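# Overview (structure and organization)
Below, each chain spelled out in residue letters.
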Amino acid sequence: MSSLAVQKASSAAGATGTAQSRPPLRGRIALVPTITLLLGALYCLLPVAWVVIASTKSGSELFSTFTFLPGSGFTDNLHDLNAYRDGIYWQWMTNSALYAVLGALLSTCVSAFSGYALATYRFRGRETLFNVLLAGVLMPPIILAIPQYLLMAKADLTDSYWSVLLPQILSPYGVYLSRIYAAAAVPSDVVEAGRMDGASEWRIFTRVALPMMVPGMVTVFLFQFVAIWNNFLLPYIMLSDDEKFPITLGLFTLLEQGANTPALYTLVITGAFLAVIPLVALFLVIQRFWSLDLLSGAVKS
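Described in the following lines is the structure provided in the data block.

### A few points about the layout of surface pockets
Here the largest pocket is characterised by a volume of approximately 710 Å³. In terms of lining residues, the largest pocket is bounded by 23 residues, among which Pro141, Leu144, Pro167, Leu170 and Pro172 are the most central. Elements with a contribution of two residues or more to the lining of the largest pocket: helix H6 (126–138), helix H7 (141–154), helix H9 (172–185), helix H11 (201–229) and helix H12 (233–238). Taken as a whole, the second largest pocket spans an internal volume of roughly 350 Å³. Taken together, 18 residues line the second largest pocket, and the ones lying closest to its centre are Val51, Ala272, Phe273, Ala275 and Val276. Those elements giving two or more residues to the lining of the second largest pocket turn out to be helix H2 (25–54), helix H13 (247–258) and helix H14 (264–285). No other element matches the nine residues that H14 contributes to the lining of the second largest pocket.

### Observations concerning unusual backbone geometry
In terms of backbone geometry, most residues other than glycine have negative phi values and most peptide bonds are trans. Non-glycine residue Arg85 carries a positive phi angle of around 50 degrees. Residue position: Arg85 is located in the loop between helix H4 (74–83) and helix H5 (88–120). The exposure class assigned to Arg85 is partly exposed, which follows from its relative accessible area of 43%. Of note, Asp86 is a non-glycine position whose phi angle comes to about 60 degrees, a positive value.

### Quick notes on the nonpolar core
One finds Tyr89, Phe225, Trp229, Ile247 and Leu254 to be the most contacted residues of the largest nonpolar core, which totals 36 residues. Every element with two or more residues in this core is listed here: H5, helix H8 (161–165), H11, H12, H13 and H14. By residue number, the principal contributor to this core is H14, which donates eight residues. Setting aside residues no more than four positions away along its own chain, Tyr89 makes contact with Leu81, Ile247, Leu251, Gly271, Leu274 and Ala275. Counting 16 residues, the second-largest nonpolar core is a separate cluster that includes Ala119, Ala185, Val186 and Val220.

### Topic: the pattern of salt bridges
This model, assessed by the stated rule, comprises six salt bridges. Salt-bridge contacts for Arg126 lead to Glu127; the nearest nitrogen and oxygen are separated by 3.2 Å. When its relative accessible area of 13% is taken as the criterion, Arg126 is described as buried. Taking the shortest distance from any N to any O, the salt bridge between Arg179 and Glu127 comes out at 3.2 Å.

### Comments concerning H6
Because the α-helix completes a turn every 3.6 residues, residues three or four places apart line up on one side. Under the 1.5 Å per step criterion, the end-to-end length of H6 is 19 Å for 13 residues, consistent within 8% with the ideal 18 Å. Close packing links the buried residues of H6 with H5 and H9.

### Topic: the packing of H4 against H14
Close contact between H4 and H14 brings their axes to 9 Å; oriented N to C, the two are set at 95 degrees. As judged from the angle between their axes, H4 and H14 are roughly perpendicular. The residues of H14 that touch H4, namely those facing Phe74, Asn77, Leu78, Asp80 and Leu81, are Thr266, Leu267, Thr270, Gly271, Phe273 and Leu274.

The rules we used
Residues numbered from 1 in each chain as written. Predicted model: local features only at pLDDT ≥ 70, side-chain atom pairs only at ≥ 80, totals over all residues. Heavy atoms only, no water. 1 Å grid on protein atoms, 1.4 Å probe; cavity = no way out; pocket = protein on both sides within 12 Å on 5 of 7 lines; lining within 4 Å. Points joined across faces, edges and corners; volume = space filled by probe spheres on them. Helix = DSSP H or I, 4+ residues; strand = E, 2+ residues; numbered from the N terminus. Buried < 20%, exposed > 50% of the residue type's maximum accessible area, 1.4 Å probe, protein only. Core = buried A, V, L, I, M, F, W, Y, C linked by side-chain atoms within 4.5 Å. Contact = heavy atoms within 4.5 Å. Salt bridge = Lys/Arg side-chain N within 4 Å of Asp/Glu carboxyl O. Expected span 1.5 Å × (residues − 1). Axes fitted to C-alpha atoms, helices over the stretch in contact; angles between N-to-C directions. Parallel < 35°, antiparallel > 145°, perpendicular 65-115°, else oblique.

Written as structure tokens, this is what we have:
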């Protein structure tokens, strides 16, 4: 009898040890999102790593060495890029900075005004107007490109800086984010208190509401800056003078010429690597304002 009890106890202990050594099912399932995110990060970062490494290779090394083996031609590539057409690459970079900074600032201002008005004021047709803006978020930019070109041609603004800047000032997605953030970050009691104290609507917006909306507006600015910096279709349709090209369109024309002159491929890759640096620097400089959870940012405000 005692030996039977000992055998049962030992078998139970063995089963318990096996169960403890085997990871629980919930823990194994929890690894799936982590692995998925790691694969997604690898998928996004692998092209960037390739551009960084390929920019160090000379023309002969680019097609003859291992893909992720660094080369020895980065300095020569920079020199050739600076010398190409008297440094027109830096003119393209300057144009992109002008389009992105000025366009993102103007778009953020328009989004802040519109979002605050839609969140604070009650007027007839407000929800209809907001639904139209939501429809604009879902509309692909390529659908609007030709009508925008026709409007700019009617105003005699094609092939100018304004033809690229003006269509990007109004961002439906920016207005949508601004309204959601303003509704969460600006309490109605605070607005009413300002009105009771005799403050004008403009003063309430600039002195009370806008400081509360800063984290959300920085988010809108970042979205718009990246979108304008990476925009290709609108400049491609609007511009014909290559001295007004942004970096995306300039590198595209350089790549097209590389089909007949393979030596230009190294310039395109080096230029693409340098074009990524301003975006990375921007995120590093203002990352403390970056908030993925807009509602939590509003509560902190």
